[in-house]
Amino acid sequence: MKRPLVIVASLYAAGLLLGDNFHPPLIWLFVVAFALLLAAFFSSRNFLLGPLLVLAGWINLATHTENLSPHDLRNQIGDRVADVILRGTLRETPTFRVFEFKDEESWRTLARINVTEIFDGAQWRPALGQVMVSTAGLLDPIYCAGQQIEVSGIVQPPRLPLAEGLFDYRTYLQRQGIYYQLSPTSTNDWKTIGIIAARPLADAFFLWAQKVLQRGLPFEDEPLQLVWAMTLGWKTALTDEVSEPFMRTGTMHIFAISGLHIALIAGIFVALLRVLQVPRGFCGLIVIPLIWFYTMATGWQPSAIRSTIMMTIVVAGWSLKRPTDLINSLSAAAFIILILDPQQLFGASFQLSFFVVLSMALLHSALNKLRVKSLGPDPLLPTQLRPAWRKRLDSPLEYVTAAFATSLAAFLGSLPLVAYYFHLVAPVSLLANFVIVPLSSFALMANLGSLVFGNWFPAATELFNHTGWFLMKLMVDASHWFASWRGGYFYVPSPSILTCVIYYSLLFTVLNGWLVAPRKRVFTIALLIGALLLCFRNWRVAAQTVKITILPLSGGESVFVDFPGRAHDLLVDCGNQHAVQFISEPFLRAQGVNRITSVVLTHGDSRNIGGFSEIENRFASKTIFTSTLSMKSAAYRDIISELKTKPGRWKTLASGDRLNAWTVLHPQNSDQFSQADDKAVVLHGKVFGKTVLLLSDLGRPGQNVLMERHGDLRADIVVAGIPAQGEPLCDALLEKIQPSLIIITDCESPATGRASAKLRDRLQKQQARVVYCRNSGAITLTLAPKKFEIDTAAKK
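What you see as residue numbers is a count from 1 along each chain, following the sequence as written. Restriction of local features to residues with pLDDT of at least 70 applies here, the model being predicted, together with a cutoff of 80 or more for giving and counting side-chain atom pairs; totals for whole chains, interfaces and linings are based on all residues. Just so you know, side-chain values use all the structure's heavy atoms and leave hydrogens and water out.

## What about the overall build of the protein?
Counted only if it meets this: A run of DSSP states H or I qualifies as a helix once it reaches four residues; a run of E qualifies as a strand once it reaches two. Both are numbered from the N-terminal end. To get the radius of gyration, use the C-alpha atoms; to get the globule rule, take the number of residues to the power 0.38 and multiply by 2.2 Å. A 1.4 Å probe rolled over the protein chains alone gives each residue an accessible area, and that area as a share of the maximum for its type sets the label: buried under 20%, exposed over 50%, partly exposed in between. Whether two residues are in contact is decided by their heavy atoms, any of which lying within 4.5 Å being enough. Here the Shrake-Rupley method, with its probe set to 1.4 Å, supplies the accessible areas, and only the displayed protein chains count as covering residues. Asp and Glu are treated as the negative residues and Lys and Arg as the positive ones, with His and the ends of the chain left uncounted. Where a charge lies is defined by one atom per residue type, namely NZ (Lys), CZ (Arg), CG (Asp) and CD (Glu).
In terms of helices and strands, the protein carries 26 helices and 24 strands. A compact globule built from 796 residues should have a C-alpha radius of gyration of about 28 Å, and the protein, at 30 Å, falls within 12% of that. Dimensions along the principal axes, computed over C-alpha positions, put the protein at roughly 95 × 80 × 70 Å. Each of the 796 residues in the protein was classed as buried or not, and the buried ones make up 47%. The long-range share in the protein, meaning contacts at least 24 apart out of those at least 6 apart in sequence, stands at 70%. Carbon and sulfur atoms provide 61% of the accessible area of the protein, an area that totals close to 38900 Å². Of the side chains in the protein, 72 bear a positive and 57 a negative charge, and the two mean positions are spaced by 10 Å.

What follows is the structure in structure tokens.
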């Protein structure tokens with residue numbers, strides 16, 4: 001068998017997938033596995049090894065995730081929120097993150113603790129499990145990996161994402177075996193226990209390497225911090241603002257301690273040792289420990305461990321003069337990694353790493369054949385007759401096209417996964433990687449040279465540092481330049497898992513010639529027809545589906561109406577600046593929104609419209625609608641002043657106006673209210689037979705005027721916020737609306753945004769179903785000709 005480990009890794013991964021979706025008692029799995037093992041041993045049936053590998057993966061994942069100990073934190077805490085004191089050991093040295101908001105920086109410390117004891121106000125009890133601790137501020141350097149600590153705060157399961165498409169922090173932590181998050185009030189809630197632990201070697205190396213890489217540079221700036229990020233894995237430098245151009249150009253991978261770093265370091269040392277005529281066997285004995293030291297020094301990052309295992313297999317095979325096969329070696333590395341940590345299979349980093357390398361292995365040969373066929377010389381033309389200028393172009397053309405083919409293979413291999421996890425497609429990455437990856441390779445070489453010469457040859461160290469800084473500055477400027485290209489990147493909704501499977505099947509079969517291979521042609525054509533039918537079906541469903549998503553935004557709310565296509569999409573309010581940065585914008589990006597067709601700003605409450613300038617900068621809305629009435633809000637007046645400079649895009653709304661499928665019911669031009677809530681724009685629409693009424697934060701005076709002017713306010717669905725004064729949806733208004741579904745966009749914080757007990761009691765008496773965003777998170781209504789569904793973030 002040419003590649004036996006491909007089958008082994010695939011069967012084992014299939015077991016992990018089964019274990020993630022089916023959870024029978026662990027004892028049953030052991031019984032079945034033992035029975036199969038006995039059958040295979042006594043009957044010598046090799047085909048039983050396949051099911052055994054599947055069960056091995058299933059059992060391994062189950063033992064990592066099952067609640068097997070009575071002291072497990074899941075038994076001690078459950079789903080409740082508790083004020084506790086935890087004792088344990090720091091699993092790793094705490095890391096720091098910096099967040100920028102309104103040009104102000106705030107620091108936060110993140111740490112993982114292996115918990116040994118818990119105190120919940122009654123007594124200390126043994127405990128088992130990991131907890132992620134997030135603390136405002138910077139911890140003292142005495143807190144490092146291995147230090148025993150005691151920390152108090154509020155512990156609870158990590159929050160679910162507020163809306164579809166937002167980052168699922170709970171699942172992310174659970175994949176690492178962390179089921180709880182602790183939130184201390186401040187760094188004063190931390191204290192050490194026992195002796196102060198010695199700083200780990202990795203920490204000491206990191207501090208030394210930081211100083212060495214800064215030697216000779218006048219000050220600490222962004223390129224230097226990114227040098228630390230790229231060379232040492234220092235994530236603190238990668239703020240959202242700094243990372244954004246690299247994300248949009250598909251070059252963010254240069255900051256992960258991954259295959260590029262490990263392969264480059266291994267290649268440099270192998271080349272140096274071979275120049276010194278060191279035998280191949282001894283090269284492996286020297287290089288393998290060196291790359292593992294680098295992995296340890298950069299904090300044992302999962303991507304670095306994966307790459308180091310892969311490179312260890314490759315270097316070991318080369319040193320022992322064994323025939324190597326990239327795909328077989330890749331499968332061996334994946335198998336070893338998944339034995340050690342089966343949860344990695346479900347992480348974006350693991351999937352991207354292996355699918356990109358696999359794509360390069362499978363596609364590069366096919367792309368290279370196309371390249372040679374297109375650019376190669378005529379085989380029937382004698383070399384002497386070829387023009388001199390064409391001969392001189394052969395070498396640079398060979399390098400450029402080969403590099404582009406590699407970049408294309410990586411782009412095609414990562415395309416559906418990047419779209420699935422990051423909702424992004426970046427065609428510009430083909431050229432951006434072509435420029436930035438070589439620059440990053442040279443920068444890594446310079447940084448490695450700096451670390452090698454260290455403090456014993458300062459002149460060389462400073463020369464390498466200036467070179468690395470200059471190359472990083474070029475990379476930063478190049479990423480900004482490529483990110484500014486029109487159409488260089490765009491956002492898309494996440495493709496389904498089935499779509500990803502079909503994509504990869506078509507990619508590998510078509511580019512490897514199965515379409516013309518007689519025996520494989522039928523299968524490939526059938527796959528193509530199936531893909532086309534699936535695309536047609538998805539298009540038909542999307543063309544007849546409207547989604548209305550209601551986002552609760554810390555006292556404000558936003559409603560996004562997603563019609564087929566983008567021509568009639570509507571965003572009603574957007575939240576304040578904080579809500580836009582962390583909720584509204586990521587949510588819209590996850591829906592594949594690149595530009596908003598219409599935005600309605602209902603009234604002057606800054607909690608509803610305070611972040612509009614950010615929305616405008618990010619999405620360049622085609623048309624902005626506001627109430628015809630003036631508002632006292634300073635934020636609203638600033639928005640109106642800015643809109644007055646854009647007369648072609650700004651329009652006002654008054655009662656009776658039409659906006660695509662929506663009719664404006666309130667206010668009128670002559671209305672005079674003292675509260676901004678009573679001036680809120682009220683929209684009434686009909687979609688596939690369902691009528692929807694969007695009341696925003698309409699207060700009682702506004703409700704009274706609305707009832708006086710409109711005799712028929714009936715609607716199947718009504719959406720209402722919490723006004724600053726009074727309550728939404730008075731009984732008289734509900735009598736006129738007669739809804740079957742009431743959605744209240746209340747929230748946990750601030751307290752003024754919560755639905756009161758009185759309001760809940762009153763609405764409970766209604767025959768309609770009542771949903772509160774405080775409990776459910778975002779609410780998505782899916783409407784089609786013969787379909788109506790309501791989904792909540794909490795349900796998902």
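Still more ground to cover, so stick around.
## Looking at helix 8 (residues 240–248)
Where helix 8 is concerned, the buried positions are Val242, Ser243, Pro245, Phe246 and Arg248. Against the buried residues of helix 8 lie helix 7 (222–232), strand 8 (424–425), helix 16 (458–483), strand 9 (490–491), helix 19 (577–590) and helix 21 (612–619). Of the residues flanking the end of helix 8, it is Gly250, one or two places downstream, whose phi is positive at about 65°.

## Observations regarding the packing of aromatic side chains
Heads up, the rule is: Only Phe, Tyr and Trp rings take part, Trp by its six-membered ring, and two of them pair if their centres are within 6.5 Å. Stacked means planes under 30 degrees apart, edge-to-face means over 60, and tilted covers everything else. Ring-over charges, as used throughout, are those where CZ of Arg or NZ of Lys falls within 6 Å of the ring centre and within 35 degrees of the ring normal.
Evaluated as defined, the whole model comprises 25 aromatic pairs. When the ring of Phe205 is compared with that of Trp208, the centres are 5.8 Å apart and the planes differ by 40°; the resulting orientation is tilted. Of this pair, Phe205 and Trp208 are both found in helix 6 (residues 201–214), three residues apart, which corresponds to roughly one turn of the helix. When its relative accessible area of 15% is taken as the criterion, Phe205 is described as buried. Connected via pairs of aromatic rings, a cluster forms that spans Phe453, Trp456, Phe457 and Phe464. Above the ring of Phe346, the side-chain terminus of Arg175 is found at 4.2 Å from the ring centroid. The ring of Tyr772 has Arg760 lying over it, and the distance from NZ or CZ to the ring centre is 4.0 Å.

## Looking at the packing of helix 9 (residues 259–275) against helix 15 (residues 429–453)
How we decide: Structural elements are reduced to axes, namely lines fitted to C-alpha atoms, with helices fitted over the stretch in contact, and the angle between N-to-C directions of any two is expressed from 0 to 180 degrees. In these notes the angle categories are as follows: under 35 degrees is roughly parallel, over 145 is roughly antiparallel, 65 to 115 is roughly perpendicular, and the rest is oblique. Left-handed describes a crossing whose near helix is turned anticlockwise from the far helix through less than a right angle; right-handed describes the clockwise counterpart. Each residue is assigned to one of three groups, with Ala, Val, Leu, Ile, Met, Phe, Trp, Tyr, Cys and Pro labelled nonpolar, Asp, Glu, Lys and Arg labelled charged, and all others, Gly among them, labelled polar.
As a packed pair, helix 9 and helix 15 sit with axes 11 Å apart at the nearest point and diverge in direction by 55°. In this view, helix 9 runs oblique relative to helix 15, as classed from their interaxial angle. Pair helix 9 / helix 15 crosses with right-handed handedness. Here Leu260, His261, Leu264, Ile265, Ile268 and Phe269 of helix 9 come into contact with helix 15, specifically with Val437, Ser440, Ser441, Leu444, Met445 and Leu448. Split into classes, the residues belonging to the contact of helix 9 with helix 15 amount to nine nonpolar, three polar and no charged.

## Some thoughts on the pattern of salt bridges
What counts is decided by this rule: Salt bridges are counted wherever a side-chain nitrogen of Lys or Arg sits within 4 Å of a carboxyl oxygen of Asp or Glu.
Per the stated rule, a full pass over the model turns up 29 salt bridges. Here Asp120 makes a salt bridge to Arg125, at a shortest N to O gap of 3.1 Å. Assessed through its relative accessible area of 27%, Asp120 is described here as partly exposed. When its relative accessible area of 21% is taken as the criterion, Arg125 is described as partly exposed. Close ionic contact of Glu727 with Arg762 constitutes a salt bridge, the shortest N to O distance being 3.1 Å. Highlighted residues: Glu727 in the loop between strand 20 (717–720) and helix 24 (731–737) and Arg762 in helix 25 (residues 757–764), separated in sequence by 35 residues. A relative accessible area of 16% places Arg762 in the buried class. Sharing partners across several salt bridges, the network here consists of Glu244, Arg248, Glu585, Arg589 and Arg618.

## Considerations on the environment of Pro427
Among the structural elements, Pro427 can be located in the loop between strand 8 and helix 15. The exposure class of Pro427 is partly exposed, given its relative accessible area of 34%. With 54 residues separating them in the primary sequence, Pro427 and Trp481 have C-alpha atoms 14 Å apart. Setting aside its immediate chain neighbours within four residues, Pro427 contacts Phe411, Gly487, Gly488, Tyr489 and Phe490.

## Re the side chain of Arg762
Just so we agree on the cut-off: The term polar contact refers here to a pair of N or O atoms within 3.5 Å; inside protein, the definition further demands a hydrogen-donor-capable atom paired with an acceptor-capable atom, and it admits residues adjacent in sequence only when both atoms are side-chain atoms.
A polar side-chain atom of Arg762 sits 3.1 Å from a polar atom in the side chain of Asp731. Among residues more than four places away in sequence, those in contact with Arg762 are Glu727, Pro728, Leu729, Cys730, Asp731 and Leu734.

## Some details on the nonpolar core
Convention followed: Definition of nonpolar core: a set of buried residues of the types Ala, Val, Leu, Ile, Met, Phe, Trp, Tyr and Cys, connected through side-chain atoms within 4.5 Å.
Residues Leu226, Met230, Leu232, Phe255, Met472 and Met475 are the most contacted members of the largest nonpolar core, which totals 39 residues. Counting only elements with at least two residues in this core, the list comes to helix 6, helix 7, helix 8, helix 15 and helix 16. Counting residues per element, this core draws most heavily on helix 7, which supplies seven residues. For Phe255, the contacting residues outside a window of four places in its chain are Leu226, Ala229, Met230, Lys235, Leu238, Phe246 and Met472. Counting residues in hydrophobic clusters, the runner-up holds 29 residues, among them Leu659, Val681, Ile743 and Ile779.

## As for the pairing of strand 3 (residues 104–119)
Our working rule: At least two DSSP bridges between two strands are needed for those strands to be called paired.
Across six bridges, strand 1 (residues 82–90) lies against strand 3 in antiparallel orientation. Residue Arg87 lies in a different strand from strand 3, and its bridge partner there is Glu117. Bridging between strand 3 and strand 4 (residues 124–136) involves 11 bridges; their strand directions are antiparallel. Bridged to Ala111 within strand 4 is Val133. Between strand 3 and strand 4, which pair antiparallel in sequence order, lie four residues; one of them, Gly121, sits at a positive phi of approximately 105°.

## Remarks on the sheet that holds strand 22 (residues 769–772)
Sheet strands pair via backbone hydrogen bonds, and the direction of the pair is either parallel or antiparallel. Reading across the sheet, the seven strands line up as 16-17-18-19-20-21-22 and stay open at both edges, with mixed pairing between neighbours. Only two strands of the sheet have a single neighbouring strand rather than two, namely strand 16 (658–659) and strand 22. Contacts from helix 23 (residues 700–709) reach strand 17 (662–666), strand 18 (682–687) and strand 19 (690–696) within the one sheet, and its direction differs from that of strand 17 by about 115°. Sheet strands in contact with helix 25 are strand 21 (741–744) and strand 22, and its direction is about 155° off that of strand 22.

## Thoughts on the environment of Thr645
With respect to the element layout, Thr645 can be found in the loop between helix 22 (634–643) and strand 15 (650–653). Residues Thr645 and Arg97, spaced 548 residues apart in sequence, show a C-alpha to C-alpha distance of 39 Å. Looking at Thr645, its side chain comes within polar contact range of the main-chain oxygen of Glu642, at 2.5 Å.

## What about the packing of helix 9 against helix 10 (residues 280–297)?
The interhelical angle for the contact between helix 9 and helix 10, taken along N-to-C directions, is 145°, at an axis separation of 10 Å. The handedness of the crossing between helix 9 and helix 10 comes out as right-handed. Taking contact as the criterion, the partners of His261, Ile262, Ile265, Ala266, Phe269, Val270, Leu273 and Arg274 in helix 9 are, on helix 10, Arg280, Cys283, Ile286, Val287, Leu290, Ile291, Tyr294 and Thr295. Looking at the contact of helix 9 with helix 10 residue by residue, the class counts come to 12 nonpolar, two polar and two charged.

## With respect to the sheet that holds strand 14 (residues 623–627)
Reading across the sheet, the eight strands line up as 15-14-13-12-11-10-23-24 and stay open at both edges, with mixed pairing between neighbours. Looking at which strands have only one partner, the edges of the open sheet turn out to be strand 15 and strand 24 (787–792). On average, each strand axis in the sheet is tilted by 15° relative to the strand beside it, whichever way the strands run. Two elements, strand 13 (residues 598–601) and strand 14, share four bridges in a ladder whose sense is parallel. Pairing of Val600 across the sheet is with Phe625, part of strand 14.

## Section: unusual backbone geometry
Here the amide bond leading from His666 into Pro667 is cis, since omega sits at 0°, within 30 degrees of zero. With respect to the helices and strands, the residue Pro667 is situated in the loop between strand 17 and strand 18. Residues Ser749 and Pro750 are joined by a peptide bond in cis, for which omega reads 0°. Within the fold, Pro750 resides in the loop between strand 21 and helix 25. At Gln277, a position not held by glycine, the phi torsion is positive, near 65°. Locating Gln277 in the fold gives a position in the loop between helix 9 and helix 10. Within the chain, His423 stands out as a residue other than glycine whose phi angle is a positive 60°. Turning to its location among the elements, His423 is positioned in the loop between helix 14 (388–422) and strand 8. Residue His423 is classed as buried on the basis of its relative accessible area of 10%.

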